Amino acid sequence: MANLKLTNVEKAYGDVKVLKNINLDIKQGELIVFVGPSGCGKSTLLRMIGGLETITSGTLEIGGQRMNDVPPAQRGIAMVFQSYALYPHMTVRDNMSFALKIAKKSASEIDTAVKRAAEILQLTPYLDRLPKALSGGQRQRVAIGRAIVRDPQVYLFDEPLSNLDAALRVATRIEIAQLKEKMPNSTMIYVTHDQVEAMTLASRIVVLTVGQGIGQVGTPLELYERPENEFVAQFIGSPSMNLLDGEVTETGAQTTVKLASGGVARSAVPTQASDKGMKVRVGIRPEDFVATTGEAAFTGEVDITEALGELTQIYFRQGGDKGTIIAKMPGIHSNLRHNKVSLTADPKKVHLFHNGKSLLYR
Amino acid sequence: MEQVLQALVTIAIGVGGCAFWYWASNTVLDTVYPARGPNAGSNINKANLIRPWLFVGPAVVILAAYLIYPVINTLYRSFMDKTSSNFVGTSNYSWLLADGKFHESMLNQFLWLLVVPALATFFGLLAAQLTDRIRWGNFGKSLIFMPMAISFVGAGVIWKFVYANTEGSQIGLLNAVVQAFGGDPQHWLQLPFWNNILLMVVLVWIQAGFAMVILSAALRGIPEDTIEAAIIDGANPFQIFFKIKIPQIASTIGVVWTTITITVLKVFDIVYVMTNGEWGTQVLANMMYDLLFDQSDYGRGSAVAIVIMILVLPIMWWNVRNARKELR
Ligand SMILES: Nc1ncnc2c1ncn2[C@@H]1O[C@H](COP(=O)(O)OP(=O)(O)OP(=O)(O)O)[C@@H](O)[C@H]1O
Ligand SMILES: [Mg+2]
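Keep in mind it's a predicted model, so treat the numbers as computed, not measured. (Residues numbered from 1 in each chain as written. Chains lettered and ligands numbered in written order. Predicted model: local features only at pLDDT ≥ 70, side-chain atom pairs only at ≥ 80, totals over all residues. Heavy atoms only, no water.)

Trainee: Outline the overall build of chain A, listing residues and values.
Mentor: Along the backbone of chain A there are eight helices and 21 strands. Long-range pairs, those at least 24 residues apart, make up 64% of the contacts in chain A with a sequence separation of at least 6. If you sum the accessible surface of chain A, you get close to 16200 Å²; carbon and sulfur atoms cover 50% of it. Looking at charge distribution, chain A has the averaged site of its 42 positive side-chain charges lying 4 Å from that of its 37 negative ones. (Helix = DSSP H or I, 4+ residues; strand = E, 2+ residues; numbered from the N terminus. Contact = heavy atoms within 4.5 Å. Areas by Shrake-Rupley, 256 points an atom, 1.4 Å probe, with all protein chains shown as cover. Lys, Arg positive; Asp, Glu negative; His and termini not counted. Charge placed at Lys NZ, Arg CZ, Asp CG, Glu CD.)

Structural data, given as structure tokens:
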């Protein structure tokens, strides 16, 4: 019974409201990922759930019980810190058994729990080592092991992989995914900066905005395919979705938008007759552009090309638009530099926003 | 006026001489191994190997002369008679071993070693931890640190007033307190055994500030998240202090402890000023002073000095080794 519920949670430091209007309902067994720009309060929110920060207002419930004023150790949570936070003077075994010793568990019980966790995380050969004699990845596993032995209802991870190098990060990410599979009933909340981690691990992603509460909550694909607002649209996906100013010219099951540059974009987002003339922003992800020889919605001269091997990122500008448009073309196209490109996009992949909000969610 | 002038000239010559030495030796080195031409690379390497010796060499030589010569001379004198004119073998040492005052000094010294480092470190740690989170903590810290700025002699004089017992109107602070509670005034510094403890209090008062400053820095150096992890693991404040914080600053505690221990082994001024070793409060350094300068017995005085050195050396060695380990 580890549902976790946040109702109207707020956090203020003095007069500065860092978090507000946080409403979340997390079911047992979910792996929730918090993402958001740096400084938006992801760590703060996680630490409030863990009990390391006070909750300014609103309620936090775990398993149906109000937890606002319950000490961290009694909330049934365990936390894994970005910097591992291992006790440097204790062996791996002692690090993992510390919480159980504090809780006055019997020696045999502690031993069983530590052995089990060590086995899951392949730490058995290192049990008698001090943290300083471990690699970064091993330290991170000990930190996770320290959480596992307590058998918590909710795991809290604050950017657990960000101190690891790229290869190890991928390996540990997969380990965490497997770990989650082995513990289907544990709820996990995971903070990350890394889009790939968010997209691959999450059962649902929570996008936090700076000071404006939650941007959107949804499965990774929902956020990618149907972002509720421009913020989420631009935050999920890399490089960010292109946003181009335009005006609705034809409405119906499909919408036609005349772009400021003069091009005409079609979107599968339905509109009503009354929407005609509405100022909108057209959103297209870089990977959704396709080259065309026919009618092109987007044309321009390429400034820069970045060949990444499996694809080439091209940066171009069309007359009338403010910013640079980024498009990803499969294969290598370095020759496009300083040449004209003509691109179009599948209407199903063209998003429409009005005043920052998606027209899909009206 | 003349003396001031003389001092200024001396300083000018000293500082100028040093500056000249650095400049001249460096110039010579750069001429011998110029950082250009076909061998520039190896020249730079060679010059870099030699330069430190040129720069710290004079200091090393002077320090060695002022440290090593006295040690050898003291050792030599400890095997000579009162006026250092005849060789007497180990008789100074055998006299010491049989002397009652020396036994008393060793015993007291041992007591000092047991009590002062422990109490000073304990109070220092307590003060460091307690002043860490409160608003007027820094003010409290300054108060506790202040005695460090007082010379041992000054401290001795101050505390002599605290322990004083005067006829008529009482000027002794401790006695005034005792009398206020209806007790009888005491000659505190003449109370056997306890007078030792009262002398130790003075050094604890001075050294606790030192311990506090060093330990407070060490406590702040503990990664905050290990403490947060312990909070999540359910540790209470005492468990956090004793199981998470203390072990992480154990080596600093060791350094503080041994540094105070060395001070204690050399303790002289406080005893000299307050009791001069009377009433059973003699310690080694004061005994040495007494023999050397009051009784002009260079043989026995030197023997005591050697005993003190032998006691200090291992602690010194441990301390230096530990401090080095800390730096790495
Ligand atoms: N003790 C504090 N006092 C005042 N402001 C604070 C305090 N702690 C955090 N903040 C502010 O709260 C905001 C959120 O901080 P938080 O660490 O939660 O961000 P974050 O989303 O985790 O960022 P990052 O991705 O960089 O880790 C920041 O703007 C920060 O400046
Ligand atoms: Mg953070």
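From this point, the discussion proceeds with the structure in view.
Trainee: I'd like a rundown of the site of ligand 1, residues and numbers included.
Mentor: All names here are of chain A. In the neighbourhood of ligand 1, the contacting residues comprise Y13, V18, S38, G39, C40, G41, K42, S43, T44, E159 and H193. Here S38 contributes a side-chain N or O atom positioned 2.5 Å from an oxygen atom of ligand 1. Within the side chain of S43, an N or O atom sits 2.6 Å from an oxygen atom of ligand 1. Computed on the free molecule, ligand 1 has an accessible area of 640 Å², of which 56% lies beneath the protein chains in the complex. No other element matches the three residues that helix α1 (residues 42-50) contributes to the shell around ligand 1. (Near = heavy atom within 4 Å. Polar contact = N/O pair within 3.5 Å; in protein donor to acceptor, adjacent residues only side chain to side chain.)

Trainee: For the confidence of the model for chain B, give the residues involved together with the corresponding values.
Mentor: Residues and elements named next belong to chain B. Considering every residue of chain B, the mean pLDDT works out to 86; 99% of them sit at 70 or more. Here helix α7 (residues 173-180) stands out as the element of chain B with the lowest mean pLDDT, 80, in contrast to helix α9 (residues 224-232), whose mean of 92 is the highest. Reported for the predicted complex are a pTM of 0.78 and an ipTM of 0.83. (pLDDT = per-residue confidence, 0-100.)

Trainee: Describe the sheet that holds strand β18 (residues 325-330) of chain A, and please don't skip the residues or the numbers.
Mentor: Residue and element names in this part refer to chain A. If you trace the five strands from one edge of the open sheet to the other, you get β15-β19-β16-β17-β18, paired in antiparallel fashion. Each having just a single partner strand, β15 (289-291) and β18 make up the two edges of the open sheet. On average, each strand axis in the sheet is tilted by 50° relative to the strand beside it, whichever way the strands run. Sheet analysis places strand β17 (residues 311-317) next to β18, joined by six bridges and oriented antiparallel. Paired with L311 across the bridge in β18 is P330. (Pairing = 2+ DSSP bridges. Axes fitted to C-alpha atoms, helices over the stretch in contact; angles between N-to-C directions.)

Trainee: Any details on the domain arrangement of chain B? Residues and values, ideally.
Mentor: Residues and elements named next belong to chain B. Each domain of chain B was delimited in the assignment, giving domain 1 (2-77) and domain 2 (92-327). Centre-to-centre, using C-alpha coordinates, domain 1 lies 38 Å away from domain 2. The interface is formed by four residues belonging to domain 1 together with seven residues belonging to domain 2. Both faces considered, domain 1 and domain 2 share a buried interface measuring about 440 Å² in area, 73% of it formed by carbon and sulfur atoms. Our count for the contact surface shared by domain 1 and domain 2 stands at zero salt bridges. On inspection of domain 1 and its partner domain 2, the count reaches zero residue pairs in polar contact (both at pLDDT 80 or more). Grouping the amino acids of the side of domain 1 that touches domain 2 by side-chain chemistry returns two nonpolar, one polar and one charged. (Domains from an automatic or database assignment. Buried area = accessible area lost by both parts, 1.4 Å probe. Salt bridge = Lys/Arg side-chain N within 4 Å of Asp/Glu carboxyl O. Nonpolar A, V, L, I, M, F, W, Y, C, P; charged D, E, K, R; others polar.)

Trainee: Mind laying out empty space enclosed by the protein, listing which residues take part and the relevant values?
Mentor: Within the structure shown, the criterion is met by one cavity of 30 Å³ or more. Estimated volume of the largest cavity: approximately 50 Å³. Considering the residues around the largest cavity, the lining is formed by A78(A), M79(A), F81(A), R146(A), A147(A), R150(A), A229(B), I232(B) and D233(B). Residue assignment for the lining of the largest cavity shows that the elements contributing at least two residues are β6 (77-80) and α4 (136-148) of chain A together with α9 of chain B. Looking at side-chain class alone, the lining of the largest cavity contains six nonpolar, no polar and three charged residues. (1 Å grid on protein atoms, 1.4 Å probe; cavity = no way out; pocket = protein on both sides within 12 Å on 5 of 7 lines; lining within 4 Å. Points joined across faces, edges and corners; volume = space filled by probe spheres on them.)

Trainee: Explain the interface of chain B and chain A to me, using residue names and the numbers behind them.
Mentor: Contacts between the two partners involve 15 residues from chain B, matched on the other side by 21 residues from chain A. Carbon and sulfur atoms make up 67% of the surface buried where chain B meets chain A, a total of about 1500 Å² over both sides. When residues of chain B are sorted by the area they lose upon contact with chain A, E228(B), I232(B) and D233(B) head the list and together hold 43% of the total. Across the chain B-chain A interface, the total number found is two salt bridges. Contributing elements (two or more residues each) for the side of chain B that touches chain A: α9 and α10 (237-248) of chain B. Considering every element that reaches the side of chain B that touches chain A, the biggest residue donor is α9(B), with seven residues.

Trainee: Break down α4(A) for me, citing the residues and quoting the values.
Mentor: All names here are of chain A. Taking 1.5 Å as the rise per residue, α4 with 13 residues should run 18 Å; its terminal C-alpha atoms sit 18 Å apart, in good agreement. Of all 13 residues that make up α4, eleven are buried, and the element is covered over most of its length. Listing the buried residues of α4 in full gives G137, Q138, Q140, R141, V142, A143, I144, G145, R146, A147 and I148. (Expected span 1.5 Å × (residues − 1). Buried < 20%, exposed > 50% of the residue type's maximum accessible area, 1.4 Å probe, protein only.)

Trainee: Give a detailed account of the domain arrangement of chain A, specifying residues and quantitative values.
Mentor: Residue and element names in this part refer to chain A. Domain assignment breaks chain A into domain 1 (4-229) and domain 2 (242-361). Here domain 1 and domain 2 have C-alpha centroids that lie 39 Å from each other. The interface is formed by eight residues belonging to domain 1 together with nine residues belonging to domain 2. Overall, the association of domain 1 and domain 2 removes approximately 750 Å² of surface from exposure, summing both partners, and the carbon and sulfur fraction of that is 49%. The largest contributions to the domain 1 side of the interface with domain 2 come from Y224, R226 and E228, which together make up 61% of the buried area.

Trainee: With reference to specific residues and values, describe the packing of aromatic side chains.
Mentor: Residue and element names in this part refer to chain B. For the coordinates displayed, the defined rule picks out 17 aromatic pairs over all chains. Where F241 meets F242, the ring centres are 5.1 Å apart and the plane angle is 80°; that geometry is what we call edge-to-face. Take F241: its relative accessible area is 14%, and that puts it in the buried class. Measuring from ring centre to ring centre gives 4.9 Å for F268 and Y289, while their planes differ by 40°; the resulting arrangement is tilted. Placement of the pair is F268 in the loop between α11 (250-265) and α12 (269-274) and Y289 in helix α13 (residues 284-294), with a sequence separation of 21 residues. Ring pairs connect the aromatic residues F268, Y272, Y289 and F293, which therefore count as one cluster. The ring of W95 carries R300 above its face, with NZ or CZ at 3.9 Å from the centroid. (Phe/Tyr/Trp six-rings, centres within 6.5 Å; stacked < 30°, edge-to-face > 60°. Lys NZ or Arg CZ within 6 Å of the ring centre and 35° of its normal.)

Trainee: Could you give an account of the pairing of strand β2 (residues 16-26) of chain A, with specific residues and numbers?
Mentor: Each regular strand shows side chains that alternate between the opposite faces of the sheet. Note that strand β1 (residues 4-13) of chain A and β2(A) share seven bridges and pair antiparallel. Of the residues in β2(A), the one forming a bridge with Y13(A) is V16(A).

Trainee: I'd like a rundown of a nonpolar patch on the surface, residues and numbers included.
Mentor: Residue and element names in this part refer to chain B. Taken together, the side chains of I134, W136, F139, L143, I144 and M146 define a hydrophobic patch exposed on the protein surface, amounting to about 630 Å² of accessible area. Within the fold, I134 resides in the loop between α4 (100-130) and α5 (137-145). Look at I134 and you get partly exposed, because its relative accessible area is 36%. (Patch = residues over 30% accessible without salt bridge, like charges linked within 9 Å, V, L, I, M, F, W, Y side chains within 5 Å.)

Trainee: How would you summarise the environment of E301(A) if you had to cite specific residues and measurements?
Mentor: Residues and elements named next belong to chain A. Relative to the helices and strands, E301 resides in strand β16 (residues 298-307). Expressed as a C-alpha distance, the spacing of E301 and R93, which sit 208 residues apart in the sequence, is 62 Å. When near neighbours in sequence (up to four residues on either side) are disregarded, E301 contacts Y315, F316, R317, H338, N339 and K340.

Trainee: Requested: an account of unusual backbone geometry, with residues and values cited.
Mentor: Residues and elements named next belong to chain A. The peptide bond linking S238 to P239 adopts the cis configuration, its omega dihedral lying at -5°. Within the secondary structure, P239 sits in the loop between α8 (230-235) and β11 (242-250). Positioned with a positive phi, N8 is a non-glycine residue whose angle comes to about 50°. Notably, A85 is not glycine yet its phi reads approximately 55°, a positive angle. Tracing the backbone through its elements, the reader meets A85 in the loop between β6 and α2 (92-102). Since its relative accessible area comes to 2%, A85 is described here as buried.

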